[in-house]
Amino acid sequence: RRWLRQHECVEKLNMHAILSASTGQEQLLTELLVTYTKIPVLIGELISVEIWKHKIFPVLCQLEDFKPRSTFPIYVVLHHEASIINLLETVFFYKEICESAEDSILDLIDYCHRKLTLLAARTANGQTVTSAVLVPPQELQKQAETMEFEISLKALSVLRFITDQVESLPLSALTRMLNTHNLPCLLVELVEHCPWSCCEAGKLKKFENGTWHVVPPEDQVKMTKLDGQVWLALLNLLLSPECQRKYHFDGFNKSQLLKLRAFLTDVLIDQLPNLVEMQRFLSHLAVTEPAPPKKDLVLEQVPVIWDHILKKNAGKWEAITKHQVKHVFSPTEEELTLQARRWAQTYSLDMMEALAPDKPRCRVCGTEAAKRCSRCRNEWYCTR
(Lines give C-alpha, C1' and ligand atoms only; values in the text may rest on other atoms or scores of the structure.)
Protein backbone atom coordinates (compact mmCIF):
# COMPACT_ATOMS: atom_id res chain seq x y z
CA ARG A 1 0.00 0.00 0.00
CA ARG A 2 2.88 2.31 -0.77
CA TRP A 3 0.71 4.42 -3.07
CA LEU A 4 -1.81 5.09 -0.26
CA ARG A 5 0.99 6.28 2.02
CA GLN A 6 2.18 8.56 -0.79
CA HIS A 7 -1.35 9.94 -1.17
CA GLU A 8 -1.49 10.65 2.57
CA CYS A 9 1.77 12.60 2.24
CA VAL A 10 0.34 14.62 -0.66
CA GLU A 11 -2.79 15.35 1.42
CA LYS A 12 -0.69 16.54 4.34
CA LEU A 13 1.44 18.67 2.03
CA ASN A 14 -1.71 20.13 0.52
CA MET A 15 -3.18 20.99 3.94
CA HIS A 16 0.15 22.42 5.08
CA ALA A 17 0.36 24.58 1.93
CA ILE A 18 -3.15 25.96 2.48
CA LEU A 19 -2.52 26.68 6.18
CA SER A 20 0.88 28.26 5.40
CA ALA A 21 -0.58 30.44 2.63
CA SER A 22 -3.36 31.63 4.95
CA THR A 23 -0.73 32.96 7.40
CA GLY A 24 1.73 34.16 4.73
CA GLN A 25 4.39 31.61 5.72
CA GLU A 26 4.53 29.40 2.64
CA GLN A 27 8.19 30.22 1.89
CA LEU A 28 9.63 27.25 3.81
CA LEU A 29 7.41 24.78 1.93
CA THR A 30 8.29 26.27 -1.47
CA GLU A 31 12.00 26.13 -0.61
CA LEU A 32 11.73 22.44 0.33
CA LEU A 33 9.82 21.59 -2.86
CA VAL A 34 12.49 23.35 -4.93
CA THR A 35 15.47 21.94 -2.99
CA TYR A 36 14.27 18.33 -3.27
CA THR A 37 13.05 18.81 -6.91
CA LYS A 38 9.55 17.58 -6.07
CA ILE A 39 7.63 19.69 -8.60
CA PRO A 40 8.47 17.40 -11.59
CA VAL A 41 7.49 14.41 -9.40
CA LEU A 42 4.11 16.00 -8.59
CA ILE A 43 3.49 16.83 -12.27
CA GLY A 44 4.29 13.22 -13.24
CA GLU A 45 1.91 11.93 -10.57
CA LEU A 46 -0.80 14.36 -11.73
CA ILE A 47 -0.63 13.11 -15.32
CA SER A 48 -0.53 9.45 -14.18
CA VAL A 49 -3.84 9.88 -12.34
CA GLU A 50 -5.33 11.75 -15.31
CA ILE A 51 -4.47 8.81 -17.58
CA TRP A 52 -5.87 6.39 -14.96
CA LYS A 53 -9.16 8.31 -15.12
CA HIS A 54 -9.21 8.06 -18.94
CA LYS A 55 -8.07 4.46 -19.37
CA ILE A 56 -8.84 2.48 -16.19
CA PHE A 57 -11.79 4.15 -14.48
CA PRO A 58 -14.30 3.72 -17.39
CA VAL A 59 -13.40 -0.01 -17.66
CA LEU A 60 -13.73 -0.35 -13.88
CA CYS A 61 -17.26 1.10 -13.93
CA GLN A 62 -18.33 -1.34 -16.69
CA LEU A 63 -17.19 -4.54 -14.93
CA GLU A 64 -20.39 -6.42 -14.12
CA ASP A 65 -18.78 -8.81 -11.65
CA PHE A 66 -17.08 -6.04 -9.64
CA LYS A 67 -19.11 -5.47 -6.46
CA PRO A 68 -16.76 -3.81 -3.96
CA ARG A 69 -17.58 -3.62 -0.25
CA SER A 70 -16.69 0.07 -0.42
CA THR A 71 -15.99 2.45 -3.30
CA PHE A 72 -13.86 4.63 -1.03
CA PRO A 73 -10.48 3.29 -2.33
CA ILE A 74 -11.54 4.27 -5.87
CA TYR A 75 -12.69 7.68 -4.69
CA VAL A 76 -9.26 8.21 -3.08
CA VAL A 77 -7.58 7.77 -6.50
CA LEU A 78 -10.02 10.23 -8.10
CA HIS A 79 -9.39 12.68 -5.27
CA HIS A 80 -5.61 12.34 -5.67
CA GLU A 81 -5.65 14.46 -8.83
CA ALA A 82 -7.63 17.19 -7.05
CA SER A 83 -5.15 17.20 -4.14
CA ILE A 84 -2.12 17.59 -6.41
CA ILE A 85 -3.58 20.34 -8.60
CA ASN A 86 -4.70 22.18 -5.45
CA LEU A 87 -1.16 21.97 -4.05
CA LEU A 88 0.31 23.22 -7.34
CA GLU A 89 -2.20 26.08 -7.44
CA THR A 90 -1.07 27.16 -3.95
CA VAL A 91 2.68 27.11 -4.67
CA PHE A 92 2.92 28.08 -8.38
CA PHE A 93 2.48 31.71 -7.41
CA TYR A 94 6.25 31.68 -6.82
CA LYS A 95 8.69 32.15 -9.69
CA GLU A 96 11.21 29.65 -8.26
CA ILE A 97 8.55 26.92 -8.19
CA CYS A 98 7.72 27.53 -11.85
CA GLU A 99 11.42 27.45 -12.77
CA SER A 100 12.02 24.26 -10.73
CA ALA A 101 9.51 22.39 -12.92
CA GLU A 102 12.20 22.46 -15.65
CA ASP A 103 11.23 20.38 -18.73
CA SER A 104 8.08 19.03 -17.06
CA ILE A 105 6.56 22.53 -17.38
CA LEU A 106 5.67 21.45 -20.96
CA ASP A 107 3.70 18.49 -19.59
CA LEU A 108 1.92 20.79 -17.13
CA ILE A 109 1.04 23.25 -19.94
CA ASP A 110 -0.43 20.35 -21.95
CA TYR A 111 -2.36 19.19 -18.88
CA CYS A 112 -3.83 22.68 -18.34
CA HIS A 113 -4.72 22.91 -22.04
CA ARG A 114 -6.64 19.60 -21.87
CA LYS A 115 -8.56 20.79 -18.79
CA LEU A 116 -9.35 24.21 -20.29
CA THR A 117 -10.55 22.57 -23.51
CA LEU A 118 -12.99 20.46 -21.45
CA LEU A 119 -14.08 23.62 -19.65
CA ALA A 120 -14.68 25.54 -22.91
CA ALA A 121 -16.62 22.60 -24.36
CA ARG A 122 -18.94 22.35 -21.36
CA THR A 123 -22.62 22.74 -22.21
CA ALA A 124 -23.91 22.03 -18.72
CA ASN A 125 -23.36 24.53 -15.94
CA GLY A 126 -21.31 22.26 -13.75
CA GLN A 127 -24.02 21.43 -11.26
CA THR A 128 -24.79 17.76 -10.74
CA VAL A 129 -28.35 16.59 -10.56
CA THR A 130 -28.57 13.49 -8.40
CA SER A 131 -31.29 10.96 -9.06
CA ALA A 132 -33.16 9.26 -6.20
CA VAL A 133 -30.91 6.18 -6.05
CA LEU A 134 -27.50 5.75 -7.62
CA VAL A 135 -25.66 2.44 -7.72
CA PRO A 136 -21.94 2.69 -6.79
CA PRO A 137 -20.44 3.02 -10.32
CA GLN A 138 -22.95 5.75 -11.25
CA GLU A 139 -22.36 7.53 -7.97
CA LEU A 140 -18.60 7.47 -8.56
CA GLN A 141 -19.04 8.77 -12.10
CA LYS A 142 -21.15 11.68 -10.79
CA GLN A 143 -18.47 12.48 -8.20
CA ALA A 144 -15.78 12.27 -10.89
CA GLU A 145 -17.73 14.72 -13.12
CA THR A 146 -18.15 17.22 -10.29
CA MET A 147 -14.49 16.88 -9.36
CA GLU A 148 -13.41 17.28 -13.01
CA PHE A 149 -15.10 20.68 -13.18
CA GLU A 150 -13.35 21.90 -10.03
CA ILE A 151 -9.99 20.47 -11.15
CA SER A 152 -10.33 22.32 -14.48
CA LEU A 153 -10.86 25.60 -12.62
CA LYS A 154 -7.72 24.93 -10.55
CA ALA A 155 -5.82 24.22 -13.79
CA LEU A 156 -6.91 27.66 -15.04
CA SER A 157 -5.28 29.28 -11.99
CA VAL A 158 -2.09 27.23 -12.44
CA LEU A 159 -1.91 28.27 -16.12
CA ARG A 160 -2.31 31.92 -15.18
CA PHE A 161 0.60 31.61 -12.71
CA ILE A 162 2.71 30.03 -15.47
CA THR A 163 1.91 32.96 -17.79
CA ASP A 164 3.09 35.35 -15.04
CA GLN A 165 6.59 34.01 -15.69
CA VAL A 166 6.70 34.32 -19.51
CA GLU A 167 10.01 36.20 -19.32
CA SER A 168 11.79 33.29 -17.61
CA LEU A 169 10.02 30.36 -19.33
CA PRO A 170 11.98 28.24 -21.85
CA LEU A 171 11.31 29.15 -25.49
CA SER A 172 9.64 25.78 -26.12
CA ALA A 173 7.08 26.52 -23.37
CA LEU A 174 6.08 29.80 -25.06
CA THR A 175 5.83 28.09 -28.45
CA ARG A 176 3.65 25.38 -26.89
CA MET A 177 1.28 27.89 -25.27
CA LEU A 178 1.02 30.33 -28.16
CA ASN A 179 1.28 28.30 -31.34
CA THR A 180 0.84 24.59 -30.59
CA HIS A 181 -2.22 25.08 -28.36
CA ASN A 182 -3.20 28.66 -29.29
CA LEU A 183 -4.10 29.43 -25.66
CA PRO A 184 -5.08 33.08 -26.34
CA CYS A 185 -8.00 31.89 -28.53
CA LEU A 186 -8.96 29.24 -25.96
CA LEU A 187 -9.05 31.91 -23.24
CA VAL A 188 -11.27 34.06 -25.51
CA GLU A 189 -13.69 31.09 -25.60
CA LEU A 190 -13.74 31.06 -21.78
CA VAL A 191 -14.46 34.80 -21.67
CA GLU A 192 -17.32 34.31 -24.15
CA HIS A 193 -19.00 31.28 -22.58
CA CYS A 194 -17.96 31.69 -18.92
CA PRO A 195 -18.62 28.08 -17.76
CA TRP A 196 -18.55 29.11 -14.06
CA SER A 197 -21.65 31.26 -14.58
CA CYS A 198 -25.19 30.24 -15.51
CA CYS A 199 -28.83 31.34 -15.39
CA GLU A 200 -31.31 29.16 -13.54
CA ALA A 201 -34.97 30.02 -13.00
CA GLY A 202 -34.26 33.61 -14.04
CA LYS A 203 -31.44 34.00 -11.49
CA LEU A 204 -27.73 34.39 -12.20
CA LYS A 205 -25.58 31.79 -10.46
CA LYS A 206 -21.78 31.72 -10.24
CA PHE A 207 -19.37 29.06 -9.07
CA GLU A 208 -17.04 30.36 -6.36
CA ASN A 209 -15.12 28.74 -3.52
CA GLY A 210 -16.28 25.24 -4.45
CA THR A 211 -20.02 25.90 -4.72
CA TRP A 212 -22.71 27.48 -6.92
CA HIS A 213 -24.50 30.47 -5.40
CA VAL A 214 -27.08 33.01 -6.55
CA VAL A 215 -25.58 36.43 -7.35
CA PRO A 216 -27.61 39.41 -6.08
CA PRO A 217 -28.45 42.03 -8.77
CA GLU A 218 -25.99 44.60 -7.37
CA ASP A 219 -23.07 42.13 -7.72
CA GLN A 220 -23.83 40.82 -11.21
CA VAL A 221 -21.25 43.01 -12.92
CA LYS A 222 -18.62 42.23 -10.29
CA MET A 223 -15.57 40.38 -11.58
CA THR A 224 -15.03 36.98 -9.93
CA LYS A 225 -11.61 35.48 -9.17
CA LEU A 226 -12.02 33.10 -12.12
CA ASP A 227 -12.84 35.97 -14.50
CA GLY A 228 -9.75 37.74 -13.22
CA GLN A 229 -7.54 34.69 -13.84
CA VAL A 230 -8.62 34.56 -17.51
CA TRP A 231 -8.05 38.27 -18.10
CA LEU A 232 -4.66 38.24 -16.35
CA ALA A 233 -3.54 35.24 -18.43
CA LEU A 234 -4.62 37.07 -21.60
CA LEU A 235 -2.73 40.20 -20.52
CA ASN A 236 0.41 38.12 -19.93
CA LEU A 237 0.17 36.27 -23.24
CA LEU A 238 -0.77 39.18 -25.49
CA LEU A 239 1.11 42.16 -24.09
CA SER A 240 4.51 40.61 -23.39
CA PRO A 241 6.98 41.68 -26.13
CA GLU A 242 8.37 38.13 -26.35
CA CYS A 243 4.87 36.68 -26.82
CA GLN A 244 3.99 39.29 -29.43
CA ARG A 245 7.06 38.28 -31.43
CA LYS A 246 6.17 34.58 -31.32
CA TYR A 247 2.37 34.62 -31.71
CA HIS A 248 0.82 34.32 -35.18
CA PHE A 249 -1.55 37.27 -35.57
CA ASP A 250 -3.18 35.79 -38.68
CA GLY A 251 -6.73 36.50 -39.87
CA PHE A 252 -8.40 33.86 -37.68
CA ASN A 253 -6.51 34.71 -34.48
CA LYS A 254 -7.07 38.41 -35.05
CA SER A 255 -10.86 37.97 -35.48
CA GLN A 256 -11.04 35.83 -32.31
CA LEU A 257 -9.05 38.27 -30.20
CA LEU A 258 -11.13 41.25 -31.36
CA LYS A 259 -14.17 39.59 -29.79
CA LEU A 260 -12.72 40.70 -26.44
CA ARG A 261 -13.52 44.35 -27.21
CA ALA A 262 -17.22 43.73 -26.51
CA PHE A 263 -16.37 42.61 -22.96
CA LEU A 264 -14.02 45.48 -22.09
CA THR A 265 -16.62 47.74 -20.50
CA ASP A 266 -15.84 50.71 -18.24
CA VAL A 267 -17.17 48.73 -15.25
CA LEU A 268 -14.76 45.86 -15.96
CA ILE A 269 -11.79 48.19 -16.50
CA ASP A 270 -12.54 49.97 -13.20
CA GLN A 271 -12.12 46.62 -11.44
CA LEU A 272 -8.92 45.66 -13.31
CA PRO A 273 -7.26 48.89 -14.55
CA ASN A 274 -4.52 46.95 -16.40
CA LEU A 275 -7.16 46.14 -19.01
CA VAL A 276 -6.74 49.68 -20.39
CA GLU A 277 -3.53 48.38 -22.00
CA MET A 278 -5.47 45.47 -23.48
CA GLN A 279 -8.01 47.91 -24.90
CA ARG A 280 -5.24 49.93 -26.56
CA PHE A 281 -3.61 46.78 -27.93
CA LEU A 282 -6.90 45.57 -29.46
CA SER A 283 -7.58 49.00 -31.00
CA HIS A 284 -4.16 48.85 -32.65
CA LEU A 285 -4.73 45.24 -33.74
CA ALA A 286 -8.05 46.19 -35.37
CA VAL A 287 -6.34 48.56 -37.82
CA THR A 288 -3.34 46.31 -38.47
CA GLU A 289 -3.20 43.99 -41.45
CA PRO A 290 -3.07 40.26 -40.50
CA ALA A 291 0.52 39.03 -40.43
CA PRO A 292 1.59 36.67 -43.26
CA PRO A 293 2.28 33.06 -42.23
CA LYS A 294 5.69 32.55 -40.67
CA LYS A 295 7.99 30.10 -42.41
CA ASP A 296 10.59 29.72 -39.70
CA LEU A 297 12.33 26.42 -39.12
CA VAL A 298 11.16 25.38 -35.67
CA LEU A 299 12.99 22.87 -33.45
CA GLU A 300 10.55 22.24 -30.63
CA GLN A 301 11.04 20.36 -27.40
CA VAL A 302 8.01 18.16 -26.66
CA PRO A 303 6.50 16.88 -23.39
CA VAL A 304 7.26 13.25 -22.62
CA ILE A 305 5.33 12.09 -19.53
CA TRP A 306 1.91 11.52 -21.20
CA ASP A 307 3.35 9.74 -24.25
CA HIS A 308 5.74 7.64 -22.15
CA ILE A 309 2.93 6.30 -19.92
CA LEU A 310 0.64 5.58 -22.89
CA LYS A 311 3.37 3.76 -24.87
CA LYS A 312 4.55 1.77 -21.86
CA ASN A 313 1.05 0.47 -21.10
CA ALA A 314 -0.43 0.24 -24.61
CA GLY A 315 -2.69 -2.82 -24.93
CA LYS A 316 -2.46 -3.56 -21.18
CA TRP A 317 -5.27 -1.38 -19.82
CA GLU A 318 -7.77 -4.19 -19.30
CA ALA A 319 -5.17 -6.40 -17.62
CA ILE A 320 -4.12 -3.48 -15.36
CA THR A 321 -7.79 -2.91 -14.45
CA LYS A 322 -8.31 -6.56 -13.48
CA HIS A 323 -5.09 -6.56 -11.46
CA GLN A 324 -6.17 -3.41 -9.58
CA VAL A 325 -9.65 -4.82 -8.95
CA LYS A 326 -8.12 -7.91 -7.35
CA HIS A 327 -5.25 -6.35 -5.41
CA VAL A 328 -6.24 -2.73 -4.74
CA PHE A 329 -10.00 -2.13 -4.94
CA SER A 330 -11.25 -5.27 -3.16
CA PRO A 331 -9.85 -4.76 0.34
CA THR A 332 -10.82 -7.00 3.24
CA GLU A 333 -12.90 -5.70 6.14
CA GLU A 334 -9.74 -5.47 8.23
CA GLU A 335 -7.86 -3.47 5.57
CA LEU A 336 -10.80 -1.08 5.20
CA THR A 337 -10.94 -0.50 8.96
CA LEU A 338 -7.19 0.13 9.09
CA GLN A 339 -7.37 2.56 6.17
CA ALA A 340 -10.34 4.39 7.70
CA ARG A 341 -8.34 4.80 10.90
CA ARG A 342 -5.37 6.21 8.98
CA TRP A 343 -7.63 8.69 7.16
CA ALA A 344 -9.23 9.77 10.44
CA GLN A 345 -5.70 10.53 11.73
CA THR A 346 -4.78 12.42 8.56
CA TYR A 347 -7.80 14.73 8.86
CA SER A 348 -7.85 15.05 12.65
CA LEU A 349 -7.78 18.52 14.19
CA ASP A 350 -4.59 17.61 16.08
CA MET A 351 -2.88 16.80 12.78
CA MET A 352 -4.05 20.06 11.20
CA GLU A 353 -2.78 22.02 14.22
CA ALA A 354 0.54 20.18 13.98
CA LEU A 355 0.81 21.07 10.30
CA ALA A 356 -0.15 24.69 10.87
CA PRO A 357 2.94 26.91 11.07
CA ASP A 358 3.54 29.03 14.14
CA LYS A 359 2.08 32.52 14.02
CA PRO A 360 4.62 35.09 12.84
CA ARG A 361 6.48 37.08 15.48
CA CYS A 362 7.72 40.67 15.41
CA ARG A 363 11.45 40.82 14.64
CA VAL A 364 11.91 43.72 17.12
CA CYS A 365 9.84 42.84 20.19
CA GLY A 366 8.88 39.18 19.64
CA THR A 367 5.10 39.68 19.97
CA GLU A 368 2.58 38.36 17.43
CA ALA A 369 2.98 40.26 14.17
CA ALA A 370 0.39 41.22 11.55
CA LYS A 371 2.52 43.15 9.04
CA ARG A 372 5.15 41.64 6.72
CA CYS A 373 8.04 43.59 5.23
CA SER A 374 7.01 44.52 1.68
CA ARG A 375 10.62 44.53 0.46
CA CYS A 376 12.14 41.22 1.63
CA ARG A 377 8.81 39.40 2.32
CA ASN A 378 10.55 37.46 5.15
CA GLU A 379 10.50 39.64 8.27
CA TRP A 380 7.35 40.47 10.26
CA TYR A 381 6.51 43.48 12.45
CA CYS A 382 3.71 44.28 14.90
CA THR A 383 3.53 47.93 13.70
CA ARG A 384 4.83 49.96 10.75
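Residues numbered from 1 in each chain as written. Predicted model: local features only at pLDDT ≥ 70, side-chain atom pairs only at ≥ 80, totals over all residues. Heavy atoms only, no water.

Caption draft 1: Summary view of the packing of aromatic side chains. Taken as a whole and judged by the stated rule, the model has eleven aromatic pairs. With 5.3 Å between their ring centres and 90 degrees between their planes, Phe 93 and Tyr 94 make a pair best called edge-to-face. Looking at Tyr 94, the relative accessible area reads 18%, which means it is buried. An aromatic cluster of at least three residues, connected via ring pairs, comprises Trp 52, Phe 57 and Phe 329. (Phe/Tyr/Trp six-rings, centres within 6.5 Å; stacked < 30°, edge-to-face > 60°. Buried < 20%, exposed > 50% of the residue type's maximum accessible area, 1.4 Å probe, protein only.)

Caption draft 2: Representation of the environment of Ser 104. Residue placement: Ser 104 occurs in the loop between α6 (95-100) and α7 (105-121). Not counting residues within four places of it along the chain, the set of residues in contact with Ser 104 comprises Pro 40, Ile 43 and Ile 305. Only 2.5 Å separates the side chain of Ser 104 from the backbone oxygen of Ala 101, close enough to count as a polar contact. (Helix = DSSP H or I, 4+ residues; strand = E, 2+ residues; numbered from the N terminus. Contact = heavy atoms within 4.5 Å. Polar contact = N/O pair within 3.5 Å; in protein donor to acceptor, adjacent residues only side chain to side chain.)

Caption draft 3: Structural view of the pattern of salt bridges. The final tally for this structure, using the stated rule, is 15 salt bridges. Across the pair Glu 148 and Lys 115 runs a salt bridge, and its minimum N-O distance is 2.5 Å. Of this pair, Glu 148 sits in helix α8 (residues 136-163) while Lys 115 is found in helix α7, placing the two residues 33 residues apart along the sequence. Classification of Glu 148 as buried rests on a relative accessible area of 18%. For Lys 115, a relative accessible area of 2% translates into the label buried. (Salt bridge = Lys/Arg side-chain N within 4 Å of Asp/Glu carboxyl O.)

Caption draft 4: Inspection of the layout of surface pockets at higher detail. Roughly 800 Å³ of internal volume is contained in the largest pocket. Looking at the largest pocket, it is lined by 30 residues, and the ones nearest its centre are Trp 3, Leu 4, Val 77, Gln 324 and Val 328. Taken together, the elements giving at least two residues each to the lining of the largest pocket come down to α1 (2-22), α3 (39-55), α5 (72-91), α17 (317-327) and α18 (333-346). It is α18 that provides the largest number of residues to the lining of the largest pocket, a total of six residues. Counted by class, the lining of the largest pocket contains 19 nonpolar, four polar and seven charged residues. The calculated volume of the second largest pocket comes to roughly 680 Å³. Listed by contribution, the elements that provide at least two residues to the lining of the second largest pocket are α1, α5, α8, β2 (203-208) and α11 (225-239). With six residues, the single largest contributor to the lining of the second largest pocket is α8. (1 Å grid on protein atoms, 1.4 Å probe; cavity = no way out; pocket = protein on both sides within 12 Å on 5 of 7 lines; lining within 4 Å. Points joined across faces, edges and corners; volume = space filled by probe spheres on them. Nonpolar A, V, L, I, M, F, W, Y, C, P; charged D, E, K, R; others polar.)

Caption draft 5: Layout of the confidence of the model for the chain. A residue-level look at the chain finds 89% of positions with pLDDT of 70 or above and a mean pLDDT of 87. Confidence drops under a pLDDT of 50 for residues 124-134, and excluding neighbours within four residues, the segment shows 17 contacts in the predicted structure. (pLDDT = per-residue confidence, 0-100.)

Caption draft 6: Summary view of a nonpolar patch on the surface. A cluster of nonpolar side chains, contributed by Leu 28, Leu 32 and Tyr 36, occupies part of the molecular surface with about 340 Å² of accessible area. As for its placement among the helices and strands, Leu 32 is situated in helix α2 (residues 27-35). Residue classification places Leu 32 among the partly exposed residues on the basis of a relative accessible area of 42%. (Patch = residues over 30% accessible without salt bridge, like charges linked within 9 Å, V, L, I, M, F, W, Y side chains within 5 Å. Areas by Shrake-Rupley, 256 points an atom, 1.4 Å probe, with all protein chains shown as cover.)

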